[in-house]
Structure formats: C-alpha cells, structure tokens
Protein chains: 2
Amino acid sequence: MDRLIDAIRAKKNPTVAGLDPKLAYIPAFIRRAAYAQYGKTLEGAAAAVLQFNKGLLDALAPIVPAVKPQCAYYEQFGWQGMRALEATVRYAQEKGLYVILDGKRNDIGTTMEAYAKALLGTVEVDGTELSAFDGDALTVNPYLGTDGVAPLLPLCAQRDKSVFILVKTSNPSSGELQDRLLEDRRTLYATVGSLCEDWGTQTRGRYGYSRVGAVAGATYPAQLGELRRALPHTFFLVPGYGAQGGGAKDVAPAFDAHGRGAVINASRSILTAWQKTGADEQDYAKAAAAEAVRMRDEIVAEVGGFE
Amino acid sequence: MDRLIDAIRAKKNPTVAGLDPKLAYIPAFIRRAAYAQYGKTLEGAAAAVLQFNKGLLDALAPIVPAVKPQCAYYEQFGWQGMRALEATVRYAQEKGLYVILDGKRNDIGTTMEAYAKALLGTVEVDGTELSAFDGDALTVNPYLGTDGVAPLLPLCAQRDKSVFILVKTSNPSSGELQDRLLEDRRTLYATVGSLCEDWGTQTRGRYGYSRVGAVAGATYPAQLGELRRALPHTFFLVPGYGAQGGGAKDVAPAFDAHGRGAVINASRSILTAWQKTGADEQDYAKAAAAEAVRMRDEIVAEVGGFE
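Every value quoted in this text rests on a predicted model; they were computed, and no experiment measured them.

**Q** What exactly am I supposed to notice about the interface of chain A and chain B here?
**A** A common way to report how large an interface is uses the accessible area buried once the components associate. Every contact between the two is made by 74 residues of chain A and, on the other side, 74 residues of chain B. Considering only the side of chain A, the residues that lose the most area to chain B are Trp 79, Tyr 143 and Leu 177 of chain A, jointly responsible for 14% of the buried surface there. At the surface where chain A touches chain B, the tally comes to 10 salt bridges. The partner of Arg 31 of chain A in a salt bridge is Asp 126 of chain B, with the nearest N and O atoms 2.6 Å apart. Where chain A meets chain B, there are 47 residue pairs in polar contact (both at pLDDT 80 or more). Broken down by element, the residue count for the side of chain A that touches chain B peaks at 7 residues, all from helix α6 (residues 109-119) of chain A. Class assignment for the residues of the side of chain A that touches chain B results in 34 nonpolar, 21 polar and 19 charged.

As structure tokens, then:
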C-alpha cells in the first residue's frame, strides 16, 4: 500500500474518484461525436466512455491520488468496453494516478491466478510476458476463503500491487450475511477482517499497512471505527461517501491517529457534478474537479493532516 | 431453468463442459497457427483460444446440453480475450448449447444491473438495445446480500435467463467462512441456500425449479445432499467432479427423485483428455468428446434416467 499512501500524502488528499461512466453521465457533445464516428454501437458507447474519462482524468490528476474504475460499467459494453477500460487504466497511470480496479473478482487456485494476471499482472503467451489491464490494486470478494486470496499474494509482492477484500460493504443489505453473529459471537465481517490481517502479515510496508486492504462502507461508521481498531495493518477503501449518504464525519473513524489508513471513494457525486450544478456540459470535467476539491477539503477539515 | 432442464432431458445428460482454455491445454498446431497470424500477442493467444473452443464445441455439441466458460481465462488475455469469450458464447449458442458464464460477479444496485446487462442482457446505447456477452446463465457471489441479487431478477424474467449463486463451493478452504455456524446453529452456506429459495420464489418453472440456482461442490457430498433436501426449488450447478476429485457417487446426492435438480461440471478432465490419453493433438476434440461421453455414462449409471 506504500505507493497509494505516498500518493495520498503527496496530494494531501485521502480520496479516490470512482470512474463509473454510465452513458447518462456523459455530456451529449461527447456521445454525439462518438456515435458520429462509430454509430450507436458498443464501439460508439465505449469511445464516448473513454473520451469522457480522459477529460475527467486530465482535470482530476492534479487533485486526487487515485481513481477507481468500476469494471461493470465497461463490461456492459462488451469487449469494446473492456478495451476502453484498458485504455482508461493506461491513461490514468500516465497521469501518475494509482488505479484501483473495482472488479470484486473471486475464484480459486489457477482461476484466481488468471484474474490476478488479467487485472494486476502479466500473462505468459508461450514465453512472452504481456500485460492486459494491469491496474495497481483490485477489489476481491472473500466468500471462497483463503483459496481465493492466496493466489493473488505472490503476484502482488512481485509487481508491487495490492488487493482490497470486501469486509463490510456500504449497501443496505450488507448486514444480511456480513452482520450475522457466528458461534463465537463475532460478526462475519469481523471474521473476514481478521483474515485480512492474517493474509497480509508477510507484506507490511513502511507505514505498517499490508498489501491486503479491506473495503468498509462509509454508511456504517460504527463498524468502520470498530474495524479500524481491530485491524491495525489493514488499509481501508471506503465507498458510500456522497451520493450513497456518507459524510465527512462518517468516514473519520476509518483513519488512524496519523490521519492515515483509509482512502475515501466518491463516484456519482463527482461524475454528475456538472449536471447537479447545472454547469455547461463542456465544463463537465471542471465541475468534477471542483467537487473533488470540495470533498477533499471537507474530509481534510474533519480528519486533519496526513503526516 | 426450464431451458436447461429440457436440454438435459433431450440429451439424457446432466453434465456441463467447462471451457477453461489455459494455453497449456491448447494443442501446439493451434497455437502455432494463431501466432503465425497475430504473433505471440494477446490477440494471438485469444485467436488460439477461440479456435480451440470451436473444435471442442463442434465435438461436444451432440453430447452435452451446456457449456460453462470461465471468464477469468478469457479476461487474462485482455479485451482480445473478452472478444474471444463473446465469439465463444455466440458459437456455442448457434450449436444449440446452453451457456453458463462463470464470472462469479457481485456488486449492488445499478452496478449489478450493468453486469446483468453485460453478461445476460442487452444494454441501451441512446435508444438502441445492443447485447454484449449475452450468456444464458451467470454465476453470482452472495456476500453483498439481496442488493447483489435482486437487480438480476427482472432481467432474468424478461430474457429467460438464470443465475447460480455460490452457496457451498468445491475448494478446500470453502469451509473457512461457508461452514461457520451462525447464532441460530445454521451454517452460513445453509443460510445462503435458503436465501436462494426466497430469491427464486416468484420464478419457478415447469419442473418446480426457479431461475435462482445454487453452486454446490461435488467435493462435499454430505452438504450436497443436505442442500438438495433443504432447497426443493433450487437447481444446482455442481463443480468439483473429475480433476477436483469428485466422482459419480459424490454427485448423486445433488439430484432429486426424478434424476433432475442438478448439472455436473467438469473442465480440466475434458479439456486435457487428449494429453491424458496421449492422443494425437489433432484429435484433441475427439478425446474431449470421448471423456464427456464417459462422464455422462458414469453419472447416468449412478443417478438413473432423466424423466
């Protein structure tokens, strides 16, 4: 996690901008131009998504340390959308941004290795190593247990990548399974949380945080604080800020005494800022940047500096 | 599930062939031809995968009712691999095969809807409905609860598709979380199982099985039988047969009194049959078909007919 934490400190901004490019968020001038070239096709939609993202990344790169593309919004446009995802990752990394791929992938053994190669690593094609999506971090679902996480760890160590395990998600029904008490009176999410500490033991960095982070939602501040205290070596990716209802006070418990230990995600509130503020569609990226600055300042004011 | 059950009855074969095309499984003559055309690139690897799959699908289509491409083995070759996945789905469906996309996708709300559109549905591009991967069924991870499953159901009903929820997976560490006893003394997997019954209530078909199926591994026959008794309206996708160690006796508990209620997956044992039997690499598909027939006969002998 050191690269992410260094980037947060350099920009004095513990937030990540989610890149969830629904077509409804994309200004008409961008969609029109894409359809003029490719028609109303998956290729046209993917071209609009990439153009939209490039404008956002140009405007956000000086402000945020990281971006989080949500794989579903690219996959919905087929392989053409996945091509736009790959181009988005490259463009963001060229701008010096840390890229968290939000794929919530999960499987076992060599299949999980294949996801690791796809999203964080390189794949061997008869002796030639090639990289596909090559993000800096990946979100992972823990339901399959250690068999679904262990295959990621060697590759993370080799290529300086990290993972974020779903622990306590931000959605209303996250409690249905995650909050259930087990026989030992601990919740399922707390149990998954301690597994994150175990999985990360060998990979702690300069700040004490391991390569195995956790996803914990801003919509459950009490659990967020409980997890922060219980998991001293687990860095948090915190969704649910902004459109999902979490505010600066809600995310404060995710941070440690140094103002470290978490990165807060907002997607919709940034991507739709131009619509919310009634800005000219040409200024969508400027509006996104302004919202990213507002969010940064709000959180920094609450949480304090980032030593 | 009616379409799948009809296909199983028509072919008197309750098995599904997993399409997990590792390059190591692909005969050298196919890889050489692909590299000659595209080089040792992701495009070359994807071309080899598609050629390998087409040969398999030609040979397997008369034998098996369904195939299960594992998304990870396509995603590892980037968007080019995803293009090969889309072409594989189309080719399999043209051959009359039911396609279960093994993506273990999971997310919430509109993001889960985007996965549904991508993998089972159509996506709207400014008024034009387009389909991307468009499989017949999708595997889904339940860790996020109802918010991660409900978004799939309207689309499944509209487009006659189904989902398989991970309940008790076949891997060694599946018990780490799934077998944990909750306060009410029920296991987590049993709890997820009853959620499958609830989620499927509105969508039961002619055979009494709903559109919400469950993944339950052949490597845990006792739990398989327990789930079969507890979940009368939930159809099972059963991995872990063959290479993972499950045999015909182990999968028998997955079936109901009519010999229905489950489809058994084998991947490696079918894809690598040509290597195991030392067949000529040109005959890889013939060897796969022979193994698929052997598996079918072994399971039918154990489970009986499929009325």
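**Q** It is not clear to me how the sheet that holds strand β1 (residues 15-19) of chain A should be interpreted in this structure. Could you clarify?
**A** Where strands meet in a sheet, backbone hydrogen bonds hold them as pairs that are either parallel or antiparallel. All names here are of chain A. Here 8 strands make up a closed barrel; going around it, the order is β1-β2-β3-β6-β7-β8-β9-β10 and the pairing parallel. Strand-to-strand twist across the sheet, computed as the mean angle between neighbouring axes with direction ignored, equals 30°. In this structure, β1 lies alongside strand β2 (residues 66-69), joined through 4 bridges in parallel fashion. Each bridged residue has a counterpart across the sheet, and for Val 16 the counterpart in β2 is Ala 66. Packed onto the sheet, helix α5 (residues 78-94) meets β1, β2 and β3 (98-105) and runs at close to 150° relative to β3.

**Q** Just checking my understanding: could you explain the packing of helix α2 (residues 28-38) of chain A against helix α3 (residues 42-60) of chain A for this structure?
**A** Packed helices, taken two at a time, are described by the angle between their axes plus the distance between the axes. All names here are of chain A. Between α2 and α3, the shortest axis-to-axis distance is 8 Å and the interhelical angle comes to 140°. On the basis of the axis angle, α2 is oblique to α3. In this structure, α2 crosses over α3, and the sense of that crossing is right-handed. Only Glu 43, Gly 44, Ala 45, Ala 47, Ala 48, Gln 51 and Phe 52 of α3 make contact with α2, whose side of the interface consists of Ile 30, Arg 31, Ala 34, Tyr 35 and Tyr 38.

**Q** What should I look at first to understand the side chain of Glu 197 of chain B in this one?
**A** Within the secondary structure, Glu 197 of chain B is located in helix α9 (residues 188-200). In this structure Glu 197 of chain B touches Arg 204, Leu 231, Pro 232, His 233 and Thr 234 of chain B, once residues within four positions along its chain are discounted.

**Q** Just checking my understanding: could you explain the sheet that holds strand β2 (residues 66-69) of chain B for this structure?
**A** Residue and element names in this part refer to chain B. With parallel pairing, the 8 strands of this closed barrel are ordered in space as β1-β2-β3-β6-β7-β8-β9-β10. Across the sheet, the axes of successive neighbouring strands diverge by a mean angle of 30°, strand direction being ignored. Its contacts with the sheet put helix α1 (residues 2-11) on β2, β3 (98-105), β7 (162-168) and β10 (262-266), and the angle it makes with β10 is roughly 75°. Across the sheet, helix α14 (residues 284-303) touches β1 (15-19) and β10, and the angle it forms with β10 is around 145°.

**Q** I tried to follow the relation of the copies chain A and chain B on my own but got confused; where do I start?
**A** Two chain copies here: they are related by a rotation about an axis and a translation along the same axis. Placing chain A over chain B gives an RMSD of 0.0 Å and needs a rotation angle of 180°, together with 0.0 Å of translation along the axis. Those values place the two copies in the arrangement expected of a two-fold rotation axis. Across chain A, the smallest distance between a C-alpha and the rotation axis is recorded for Leu 182 of chain A, namely 2.1 Å. Mapped onto chain B, 100% of the interface residues of chain A are again interface residues, and the two copies thus contact each other with one and the same surface.

The rules behind the values
Residues numbered from 1 in each chain as written. Chains lettered and ligands numbered in written order. Predicted model: local features only at pLDDT ≥ 70, side-chain atom pairs only at ≥ 80, totals over all residues. Heavy atoms only, no water. Contact = heavy atoms within 4.5 Å. Buried area = accessible area lost by both parts, 1.4 Å probe. Salt bridge = Lys/Arg side-chain N within 4 Å of Asp/Glu carboxyl O. Polar contact = N/O pair within 3.5 Å; in protein donor to acceptor, adjacent residues only side chain to side chain. Helix = DSSP H or I, 4+ residues; strand = E, 2+ residues; numbered from the N terminus. Nonpolar A, V, L, I, M, F, W, Y, C, P; charged D, E, K, R; others polar. Pairing = 2+ DSSP bridges. Axes fitted to C-alpha atoms, helices over the stretch in contact; angles between N-to-C directions. Parallel < 35°, antiparallel > 145°, perpendicular 65-115°, else oblique. Left-handed = near helix turned anticlockwise from the far one by under 90°. Least-squares fit on C-alpha atoms with pLDDT ≥ 70 in both.

Everything listed is a geometric property; what it means functionally is a separate question.
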